[in-house]
Amino acid sequence: MQWRNTSARYGLVSVLLHWLVALAVFGLFALGFWMVGLSYYDPWRQSAPDLHKSIGILLFATMLLRVLWRLFNPAPAALENHGALTRLASRLGHAALYLGLFGVMLSGYLISTADGRGIEVFGLFSVPATLTGIEHQEDIAGDIHEYLAWGLVIFAVVHGLAALKHHFIDRDSTLLRMFGR
């Protein structure tokens, strides 16, 4: 498999970034869903949010890399059997996924830094709190984070179902291309 995308298929870097982001999104969603139900005395009450924040920051860096990679290494051309509406839906769907991802991450950052403290990332480095002092910042960002996270995961499932529809019903290579084939 080649590193870069071609006009017909995704390269290894694009494929790995795609699946790494998908794994991180669903993993962070599951972790977030689980950790909000922890009791005050649960030993994971402090560790789970720290893990969630650290992975979230790394996901943000990965998404920045993914956007840069996409700018300098365009996606393969749409398949010939995809009509104008399918192509438009694909562009809008991918834009919604990217915006949703960055929205979830920005709102998570605003929750975590509302008290003016930075975010420690696995004890390796700290991301400073740069935007604080917004009235009810933690609560508003928390609501936005929750709604966007649910929306993102639901939309990602729809995205996956669309890929399966292309594979099993349309019998085209949309899904196979995301595996680098």
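Keep in mind that this is a model prediction, so the values were computed, not measured.

Enquirer: Got a minute to help me understand the pattern of salt bridges in this structure?
Expert: Where charged atoms from two side chains of opposite charge approach closely, those side chains can pair. The tally for this structure, following the rule as stated, stands at two salt bridges. Here Lys-165 and Asp-170 are joined by a salt bridge, their closest N and O atoms 2.7 Å apart. Taking the relative accessible area as the measure of exposure, Lys-165 reaches 38% and is therefore partly exposed. Given the relative accessible area of 30%, Asp-170 is considered partly exposed.

Enquirer: Just checking my understanding: could you explain a negative patch on the surface for this structure?
Expert: Taken together, the side chains of Glu-138, Asp-139, Asp-143 and Glu-146 make up a negatively charged region of the molecular surface. Here Asp-139 is to be found in helix α4 (residues 137-168).

Enquirer: Sorry, what's going on with unusual backbone geometry here?
Expert: The general pattern is negative phi for most residues beyond glycine and trans for most peptide bonds. Residue Phe-122 is not a glycine yet carries a positive backbone phi of 50 degrees. Relative to the assigned elements, Phe-122 resides in the loop between β1 (119-121) and β2 (125-127). Even without a glycine there, the phi angle at His-136 is positive, about 60 degrees. With respect to the helices and strands, the residue His-136 is situated in the loop between β2 and α4.

Enquirer: Before we go on, may I ask you to explain α4 in this structure?
Expert: Taking 1.5 Å of rise per residue, the 32 residues of α4 would be expected to cover 46 Å, and the 45 Å separating its terminal C-alpha atoms lies within 8% of that figure. Within α4, burial applies to Gln-137, Ala-141, His-145, Ala-149, Leu-152, Val-153, Ala-156, Ala-163 and His-166. Looking at the packing, one finds that the buried side of α4 touches α1 (12-35), α2 (44-72), α3 (84-112) and α5 (174-177).

Enquirer: I'm lost on the side chain of Thr-62 in this one. Help?
Expert: In this fold, Thr-62 is placed in helix α2. Those residues in contact with Thr-62 that lie beyond four places of it in its chain are Leu-17, Leu-20 and Val-21.

Enquirer: Before we go on, may I ask you to explain the packing of α1 against α4 in this structure?
Expert: A pair of packed helices can be characterised by two numbers: the angle between their axes and the separation between those axes. The geometry of α1 relative to α4 is characterised by a closest axis approach of 11 Å and an angle of 135 degrees between their N-to-C directions. Classified by the interaxial angle, the pair formed by α1 and α4 is oblique. Judged by the twist between their axes, the crossing of α1 over α4 is left-handed. Facing His-18, Val-25, Phe-26, Phe-29 and Phe-33 of α1, the residues of α4 in contact are Ala-149, Trp-150, Leu-152, Val-153, Ala-156, Val-157 and His-159.

Enquirer: I keep staring at the packing of aromatic side chains and nothing clicks. Help me out?
Expert: Using the criterion set out here, one finds seven aromatic pairs in the structure. Taking the centre distance of 6.3 Å and the plane angle of 20 degrees together, the rings of Phe-29 and Phe-33 count as stacked. Of this pair, Phe-29 and Phe-33 both sit in helix α1, four residues apart, which is roughly one turn of that helix. Since its relative accessible area comes to 18%, Phe-29 is described here as buried. Each residue in the set Phe-29, Phe-33 and Trp-150 is aromatic and connected to the rest through ring pairs, giving one cluster. One cation-aromatic arrangement involves Arg-4 over Trp-69; the distance from NZ or CZ to the ring centre is 5.7 Å.

Enquirer: Could you clarify how one ought to interpret the side chain of His-145 in this entry?
Expert: Position of His-145 among the secondary structure elements: in helix α4. A residue is classified by how much of its surface remains accessible, and His-145, at 19% relative accessible area, is buried. Among the polar contacts made by the side chain of His-145, one reaches the side chain of Ser-107 at a distance of 3.1 Å. The residues contacting His-145, other than those within four sequence positions of it, are His-52, Val-104, Ser-107, Gly-108 and Ile-111.

About the criteria used
- Counting from 1, residues in each chain are numbered in the order their sequence is written.
- In keeping with the predicted nature of the model, local features appear solely for residues at pLDDT of at least 70, side-chain atom pairs appear and are counted solely at 80 or more, and the whole-chain, interface and lining totals rest on all residues.
- By convention in this description, side-chain values take in all heavy atoms of the structure and omit both hydrogens and water.
- What makes a salt bridge here is a side-chain nitrogen of Lys or Arg within 4 Å of a carboxyl oxygen of Asp or Glu, nothing more.
- Burial status follows relative accessibility: with a 1.4 Å probe on protein chains alone, a residue under 20% of its type maximum counts as buried, one over 50% as exposed, and anything between as partly exposed.
- Think of a patch as exposed residues, more than 30% relative accessible area, with no salt bridge, where like charges cluster within 9 Å and nonpolar side chains (Val, Leu, Ile, Met, Phe, Trp, Tyr) cluster within 5 Å.
- Note on areas: these come from Shrake-Rupley sampling with a 1.4 Å probe, and a residue is covered only by the protein chains present in the view.
- Charge counting follows a simple rule: Lys and Arg are positive, Asp and Glu are negative, and His as well as the terminal groups are ignored.
- Where a charge lies is defined by one atom per residue type: Lys uses NZ, Arg uses CZ, Asp uses CG and Glu uses CD.
- A run of DSSP states H or I qualifies as a helix once it reaches four residues; a run of E qualifies as a strand once it reaches two. Both are numbered from the N-terminal end.
- Expected helix span is computed as 1.5 Å times (number of residues minus one).
- Contacts between residues were defined by any pair of non-hydrogen atoms, one from each residue, lying within 4.5 Å.
- Only the stretch in contact is used when fitting a helix axis, every axis being a line fitted to C-alpha atoms; angles between N-to-C directions are given from 0 to 180 degrees.
- Any angle between 65 and 115 degrees counts as roughly perpendicular, while under 35 counts as roughly parallel, over 145 as roughly antiparallel, and the rest as oblique.
- Should the near helix be turned anticlockwise from the far one by less than a right angle, the crossing is left-handed, and should it be turned clockwise, the crossing is right-handed.
- In summary, the pairing rule links any two rings of Phe, Tyr or Trp, Trp by its six-membered ring, whose centres are within 6.5 Å, and it sorts them by plane angle into stacked for under 30 degrees, edge-to-face for over 60 and tilted for everything else.
- We call a charge positioned above a ring when the Lys NZ or Arg CZ atom is no farther than 6 Å from the ring centre and deviates by at most 35 degrees from the ring normal.
- Two N or O atoms count as a polar contact when they lie within 3.5 Å, although within protein this holds only if one can serve as hydrogen donor and the other as acceptor, and sequence-adjacent residues are included solely when both atoms are side-chain atoms.

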